[in-house]
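Given next are the chains, with one letter for each unit.
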Amino acid sequence: MSDPKFKVSFYDSVQNFFERAAPHTGLHRGLLEQIKECNAVYQIRFPVQVGKEYKVIEAYRVQHSHHRLPTKGGIRFSNHVNQEEVMALATLMSYKCAIVDVPFGGAKGGVKINPWEYKEKELESITRRYTTELIRRNFIGPAIDVPAPDYGTGPREMAWIYDTYRTFKEEDIDAAGCVTGKPVNLNGIQGRTEATGRGVFYGLREACNNKKDMKRLGLDIGIAGKRMVIQGLGNVGSYTGLISQNEGDVKIVGVGEAEGAIYNENGIDVQELINHRKETGSILGFKDCKDYPKGERDIVLEFDCDILVPAALENQITGDNAERVKAKIIGEAANGPITSEGEKILLDNDVLIVPDLFLNAGGVTVSYFEWLKNLSHMRFGRLEKRFDQNTYDRLIDLVESKTGKTIGEQERRFVARGADEVDLVRSGLEETMINAYQQIRELQERKRNVKDLRTAAFVSAIQKMGSDYLNMGVFP
Ligand code: GLU
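Residues numbered from 1 in each chain as written. Predicted model: local features only at pLDDT ≥ 70, side-chain atom pairs only at ≥ 80, totals over all residues. Heavy atoms only, no water.

Some details on the pattern of salt bridges
- Applying the stated criterion across every chain yields a total of 46 salt bridges.
- Between arginine 441 and aspartate 213 there is a salt bridge, with the nearest N and O atoms lying 2.9 Å from each other. Within this pair, whereas arginine 441 is found in helix 15 (residues 421-446), its partner aspartate 213 is found in helix 7 (residues 211-217), the two being separated by 228 residues in sequence.
- Overall, the relative accessible area of 7% leaves arginine 441 in the buried class. (Salt bridge = Lys/Arg side-chain N within 4 Å of Asp/Glu carboxyl O. Helix = DSSP H or I, 4+ residues; strand = E, 2+ residues; numbered from the N terminus. Buried < 20%, exposed > 50% of the residue type's maximum accessible area, 1.4 Å probe, protein only.)

Observations regarding the site of the ligand
- The environment of the ligand is made up of 14 residues, and the closest members are Lys72, Lys96, Pro149, Asp150 and Ser367.
- Taking lysine 108, its side chain carries an N or O atom lying 2.8 Å from an oxygen atom of the ligand.
- Sorting the residues of the shell around the ligand by element identifies strand 3 (71-77), helix 3 (83-99), strand 5 (145-149) and helix 12 (362-376) as the ones contributing at least two each.
- For the shell around the ligand, the residue count by class is four nonpolar, five polar and five charged. (Near = heavy atom within 4 Å. Polar contact = N/O pair within 3.5 Å; in protein donor to acceptor, adjacent residues only side chain to side chain. Nonpolar A, V, L, I, M, F, W, Y, C, P; charged D, E, K, R; others polar.)

Topic: the sheet that holds strand 5
- The mixed open sheet is built from five strands, whose spatial order is 1-2-4-3-5. A strand with exactly one partner marks an edge of an open sheet, and here the two such strands are strand 1 (40-50) and strand 5. Looking at each pair of strands side by side, their axes are set apart by 20° on average, direction ignored.
- Against the sheet, helix 3 engages strand 1, strand 2 (53-63), strand 3 and strand 4 (105-111), with an angle of about 150° to strand 4. (Pairing = 2+ DSSP bridges. Axes fitted to C-alpha atoms, helices over the stretch in contact; angles between N-to-C directions. Contact = heavy atoms within 4.5 Å.)

What about the packing of helix 4 (residues 120-136) against helix 5 (residues 155-168)?
- Where helix 4 meets helix 5, the closest approach of the two axes is 9 Å, and the angle between their N-to-C directions is 45°. Comparing their axes, helix 5 and helix 4 come out oblique. The crossing of helix 4 and helix 5 is right-handed. For the pair formed by helix 4 and helix 5, the contact residues are Glu120, Leu123, Glu124, Thr127, Arg128, Thr131, Thr132 and Ile135 on the first element and Arg156, Glu157, Trp160, Ile161, Asp163, Thr164, Tyr165 and Phe168 on the second.
- Of the residues that constitute the contact of helix 4 with helix 5, the class distribution is six nonpolar, four polar and six charged. (Parallel < 35°, antiparallel > 145°, perpendicular 65-115°, else oblique. Left-handed = near helix turned anticlockwise from the far one by under 90°.)

So, the nonpolar core
- With 93 residues, the main nonpolar core has Ile35, Leu204, Ile329, Phe358 and Phe458 as its most contacted residues.
- By residue number, the principal contributor to this core is helix 3, which donates 11 residues.
- Not counting residues up to four positions away in its chain, the partners in contact with phenylalanine 458 are Val14, Phe17, Phe18, Ala21, Leu92, Tyr95 and Leu357.
- Among the nonpolar cores identified, the runner-up in size contains 28 residues, and Tyr42, Ile44, Val48 and Val111 belong to it. (Core = buried A, V, L, I, M, F, W, Y, C linked by side-chain atoms within 4.5 Å.)

Things to note about the sheet that holds strand 8 (residues 260-263)
- Strand order in the open sheet formed by seven strands is 9-8-7-6-10-11-12, and the pairing between neighbours is mixed. Lying at the two open borders of the sheet, with one neighbouring strand each, are strand 9 (290-293) and strand 12 (352-354). In this sheet, adjacent strand axes meet at a mean angle of 15° when their direction is disregarded.
- Taken together, the five bridges between strand 6 (residues 227-231) and strand 7 (residues 251-257) define a ladder with parallel strand orientation. Within strand 7, the residue paired with arginine 227 across the bridge is lysine 251.

Observations concerning the pairing of strand 4
- Of all seven residues in strand 4, seven are buried; the element is thus mostly enclosed.
- Across the two faces of strand 4 the burial is the same, with Gly105, Ala107, Gly109 and Val111 and Gly106, Lys108 and Gly110 all buried.
- Here strand 2 runs beside strand 4; their pairing, made up of five bridges, is antiparallel. Its bridge partner being in strand 4, glutamine 63 is matched across the sheet by alanine 107.
- Pairing of strand 3 with strand 4 involves five bridges; the strand directions are parallel.

Brief notes about the environment of valine 229
- For valine 229, the location among the structural elements is in strand 6.
- Ignoring any residue separated from it by four or fewer positions in sequence, one finds valine 229 in contact with Val253, Gly254, Val300, Phe303, Asp304, Cys305, Ile307, Leu308 and Val309.

Pasting the structure below:
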């Protein structure tokens, strides 16, 4: 089932990481097995009409852990989908949710198609049919299992899923909570699209503020001025680049995509690059950059930089190329970009790996906010925005009357402002990422034999899940 090109499959890598962390959790074997294994695997085959022909589509939904409900995780449309891959991704979702204290079990879906080969109408019928299959087996619902976007899907697909669910479950008043990542005007939430990339930025910023780690790597403290390389300019990679550049003063020096890779040590403007790609269909040929054509695109992982951000797919840094990686920090924006073999080499070379199960958890964090919004049937900030603004205004009036000084209108508007939904989402996300980083970094510091952030993150996640099972009385 796994791709023979890789010595260690994605699923095996995740299980190897689990086993490395297990002895540090203090939990007994039976409980560890329950946490480790996938609880439910649903394999689906259904026909769709493509042109004049009928195709049988292979699809999956895996629920890794039911310790909390609903289960949660994206749906991937990709030619590489297979059962093991979806199982690995569902497993990561459980740990991811535990790390950021999002009260869901982990799940993932996959449809084995190349979405760029299909017409919109065909994609719609595939998505609707897949959703119908999930409804038939009770594998979707606001209290059961809540999908979201992943590689190859986005708000458009989520809207189809919601609409299909609503058609079947008219009486479910919480139907909007059956899927997240919906368009904002269709019960979605502001800030969900950028959430994973924004979370990656907050997570990396925290990692770069750690004095001890930066000293060990011989780097200055703080993310500003660091040179970053990004593999993948999809939703996650592009927002990571834009936000790191605009809010963190990071210099993006290299970018890789399916069509090739580019490098410019003086920096690449990410917005201009995105525009260039929209116009020409390629990142190649962008001003002042050295081009590497498609056949050499993997060189992006070996570019000289401080922070390498793989933001594409799994199994990118392996036993074969890890030795050539020059970055001192790797931020795993994708799920599973480093195999367990590749990781061994990187850790020996003292590379700081900020792991996926923490770093890309911003997506599911904001999905949680969206689900809460759907269940409460109200936009965040609606009740308090105006009240907060009036309170700040009164406070400024008081300061003016006590000091005899006038505060200018511009300054007043800057200070006396109630929060919009997007402000609340961003600050909730920032708080979540900072907290989660501190938790795993402190655990690493506390446990002498836990030497890297990934093991610390696994230990933290497994312990939280274990404590749920123990509290339920399922295990002695
Ligand atoms: N697909 C995203 C992930 O891998 C988001 C999942 C979600 O929002 O439920 O984390």
